[in-house]
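What follows is each chain in one-letter form.
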Amino acid sequence: MELPFAESYKIKMVETLRRSSREEREKWLKDSCYNLFKLRSEYVYIDLLTDSGTGAMSDKQWSAMMVGDESYAGASSYHLMKDTIKKLFGFADFLPTHQGRAAENVLFTVLVKPENIIPGNSHFDTTKGHIEFRKAHAVDCTIDEAFNPTLNHPFKGNINLNKLEKVLKENPIEKIPFIIVTLTCNSSGGQPVSLQNLKDVHMLARKYGTRVLFDSARFAENAYFIKTREKGYENKTIREIVLEMFSYADMMTMSSKKDAIVNIGGFIAMRDHDLFQQASVYNILFEGYITYGGMAGRDMSALSQGLMEATEFDYLETRVKQVAYLGEKLKNYGVPVLEPFGGHAIFIDAKKFLPTIPKEEFIAQTLAIEIYLEGGVRAVEIGTLLADRDPETRENRFPELEMVRLAIPRRVYTNNHMDYVAVTVANVYQYRNTFKNGFKIIREAPILRHFTVELDKIC
Ligand code: PM9
């Protein structure tokens, strides 16, 4: 018999999970104003809210924590991180930050000015938030195929080069400080960008005289998809692919809470030493001295080890196969899911799942709430709440895709948990026709509203 696939690690420490009843969940949810972010984690059985900062560190990462150097300046943990970043990405200069959006804050303070235009592939919400907060504009140049949830395209995170070139051609280049490429593209379903596309975007940036920034939170998962889907890369190692990917970037921001498998941390890295010096001023102002930037020495050591582990093929294969395992289960139950499956999450097509709920009543949030009520599984809305209001008109922005994301933490849950999640969603799918109404907003913040919004049922 052919030996079956199995995980590339074993479990050394466990954490107890608590189940709850539907009645309990109904009360907790009402008390949380129907915002899943406001739930206490003990009220959740399986937490797929995010894969950010929720991964399980390895024995080697915990060991690295113990030898972390807590010196204020010049710590050996900082130098370990510097060497690891140079080795993996090829950038000599870097600044640690406490997480991804802090990296955006520091870098964008230097580079983004009012009325600037930042083209990219479906910018993540904090990235867009930092752009719009500075009165600049994010222009989505993702390929059209990404907006067809069932179309099978290997690189749905790709940038449409015609759309990008139009933006570059039609605007003064001084207004475009950089192009941003998100790897993998979270907002369009954890979809990868091909190496060819990275190369082409780099060429366009050079042609028009601007720079390329990689939002790199899930760069290793992106490299796995290049290895397994792009011709010519099948025999390259993940690290060779990563080095080539980043040869087409001028700078990177990183939320290390994803593909560095740590619970907190981030960084900016760049080729241009002048930019490093300018950004250092804001790093000191907002984050901390340039050799720790809001991170403890032990966190920098664990992060460096995590970057090495995340760029091993066996780890990535286990990771991406678990996501696909859940995707296949849901598909077999008839649940409409976005395909191909993403690297970190399965995205449910909420419009197809709940066609009778009007978009003004937050379709994907309505579904995420019901999934929690059914099985205590916490997912996240990637739809109208997340898309926020237009900063000028203050009207709701209705995205083409209304999705519920089931994000899978790294090395945390087993496939039995995935089976449980799949049945929870399948049960809701069975009674989907009983849904009549969605939700209305009671209170919302002026920006990044989905984290704190308060809702009530429409009866
Ligand atoms: N992403 C996620 O769940 C965490 C916040 S929303 C629950 O997907 C990209 C592509 C991200 C991202 C965070 C950030 C910000 C930047 N780019 O959360 O600040 O997916 O470390 O990173 C989340 P931080």
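Predicted model only: the values in this text are computed from it and were never measured. (Residues numbered from 1 in each chain as written. Predicted model: local features only at pLDDT ≥ 70, side-chain atom pairs only at ≥ 80, totals over all residues. Heavy atoms only, no water.)

Colleague: Any details on the state of the cysteines? Residues and values, ideally.
Modeller: Scanning the model with the defined rule gives zero disulfides in all. Summary of cysteine pairing: C33 is not part of a disulfide, and the nearest cysteine sulfur, belonging to C459, is at 15 Å. (Disulfide = S-S within 2.5 Å.)

Colleague: Report on helix 11 (residues 297–310), specifying residues and quantitative values.
Modeller: The terminal C-alpha atoms of helix 11 lie 20 Å apart, and with 14 residues this matches the ideal 20 Å at 1.5 Å per residue to within 8%. Of all 14 residues in helix 11, 12 are buried; the element is thus mostly enclosed. For helix 11, the complete set of buried residues consists of G297, D299, M300, S301, A302, L303, S304, G306, L307, M308, E309 and A310. (Helix = DSSP H or I, 4+ residues; strand = E, 2+ residues; numbered from the N terminus. Expected span 1.5 Å × (residues − 1). Buried < 20%, exposed > 50% of the residue type's maximum accessible area, 1.4 Å probe, protein only.)

Colleague: Break down the packing of aromatic side chains for me, citing the residues and quoting the values.
Modeller: For the structure on display, the rule yields 20 aromatic pairs. Between the aromatic rings of Y78 and F94, the centroid separation amounts to 5.2 Å while the plane-to-plane angle is 20°, which identifies the pairing as stacked. Of this pair, Y78 sits in helix 3 (residues 76–89) while F94 is found in strand 2 (residues 93–97), placing the two residues 16 residues apart along the sequence. The class for Y78 is buried, based on a relative accessible area of 7%. Within the aromatic cluster, the residues linked to one another by ring pairs are Y78, F89, F91, F94, F214, F219, F246 and F267. One residue, K227, lies across the ring of F313, its end atom 5.6 Å from the ring centre. (Phe/Tyr/Trp six-rings, centres within 6.5 Å; stacked < 30°, edge-to-face > 60°. Lys NZ or Arg CZ within 6 Å of the ring centre and 35° of its normal.)

Colleague: I'd like a rundown of the layout of surface pockets, residues and numbers included.
Modeller: Quantified by volume, the largest pocket comes out at close to 1,600 Å³. Every residue lining the largest pocket is counted, 40 residues in all, and those nearest its centre are M13, A56, M57, R411 and V412. Those elements that place two or more of their residues in the lining of the largest pocket are helix 2 (59–66), helix 11 and helix 12 (313–332). Of the residues belonging to the lining of the largest pocket, the class tally is 15 nonpolar, 12 polar and 13 charged. Size it by volume and the second largest pocket reaches roughly 1,000 Å³. Residue lining of the second largest pocket: 37 residues in total, with H123, K128, E132, A387 and R397 positioned closest to the centre. (1 Å grid on protein atoms, 1.4 Å probe; cavity = no way out; pocket = protein on both sides within 12 Å on 5 of 7 lines; lining within 4 Å. Points joined across faces, edges and corners; volume = space filled by probe spheres on them. Nonpolar A, V, L, I, M, F, W, Y, C, P; charged D, E, K, R; others polar.)

Colleague: Now, about the packing of helix 3 against helix 11: what can you tell me, with residues and values included?
Modeller: Remark: helix 3 packs on helix 11, axes separated minimally by 8 Å, with the N-to-C direction vectors making an angle of 25°. With respect to helix 11, the axis of helix 3 lies roughly parallel. By crossing handedness, the relation of helix 3 to helix 11 is classed as left-handed. Between helix 3 and helix 11, the residues in contact are S77, Y78, L80, M81, T84, K87, L88 and F89 and G297, M300, S301, L303, S304, L307 and M308, respectively. Among the residues making up the contact of helix 3 with helix 11, the classes are represented as nine nonpolar, five polar and one charged. (Axes fitted to C-alpha atoms, helices over the stretch in contact; angles between N-to-C directions. Parallel < 35°, antiparallel > 145°, perpendicular 65-115°, else oblique. Left-handed = near helix turned anticlockwise from the far one by under 90°. Contact = heavy atoms within 4.5 Å.)

Colleague: Kindly report on helix 4 (residues 100–111), identifying the contributing residues and their values.
Modeller: At 3.6 residues per turn, the α-helix brings residues three or four places apart onto the same side. Helix length check: helix 4 (12 residues) gives 16 Å between terminal C-alpha atoms against 16 Å at 1.5 Å per residue, within 8%. Among the 12 residues that make up helix 4, 10 are buried, leaving the element largely enclosed by the rest of the structure.

Colleague: Let's hear about the sheet that holds strand 9 (residues 345–349): which residues, and what values?
Modeller: Note on sheets: strands pair through backbone hydrogen bonds, and any given pair is parallel or antiparallel. Read from one edge to the other, the open sheet built from three strands follows the order 9-12-11, with strand pairing classed as antiparallel. Each edge of the open sheet is held by one strand with a lone partner, namely strand 9 and strand 11 (380–382). Strand after strand, the sheet turns through a mean of 35° between neighbouring axes, direction not considered. As paired elements, strand 11 and strand 12 (residues 403–407) share three bridges and run antiparallel to each other. If you follow E381 over to strand 12, its bridge partner there is V404. Helix 12 rests against strand 9 and strand 12 of the sheet, and its axis sits at about 25° to strand 9. (Pairing = 2+ DSSP bridges.)

Colleague: An account of the site of the ligand is needed here, citing residue identities and associated values.
Modeller: Of all residues adjacent to the ligand, which total 18 residues, the nearest are T50, R101, S255, K258 and R405. The contact in question runs from an oxygen atom of the ligand to an N or O atom on the side chain of R405, over 2.7 Å. Protein burial of the ligand: of its 520 Å² of free accessible surface, 96% is covered by the chains. Of the residues forming the shell around the ligand, the biggest block, three residues, is contributed by helix 4. (Near = heavy atom within 4 Å. Polar contact = N/O pair within 3.5 Å; in protein donor to acceptor, adjacent residues only side chain to side chain. Areas by Shrake-Rupley, 256 points an atom, 1.4 Å probe, with all protein chains shown as cover.)

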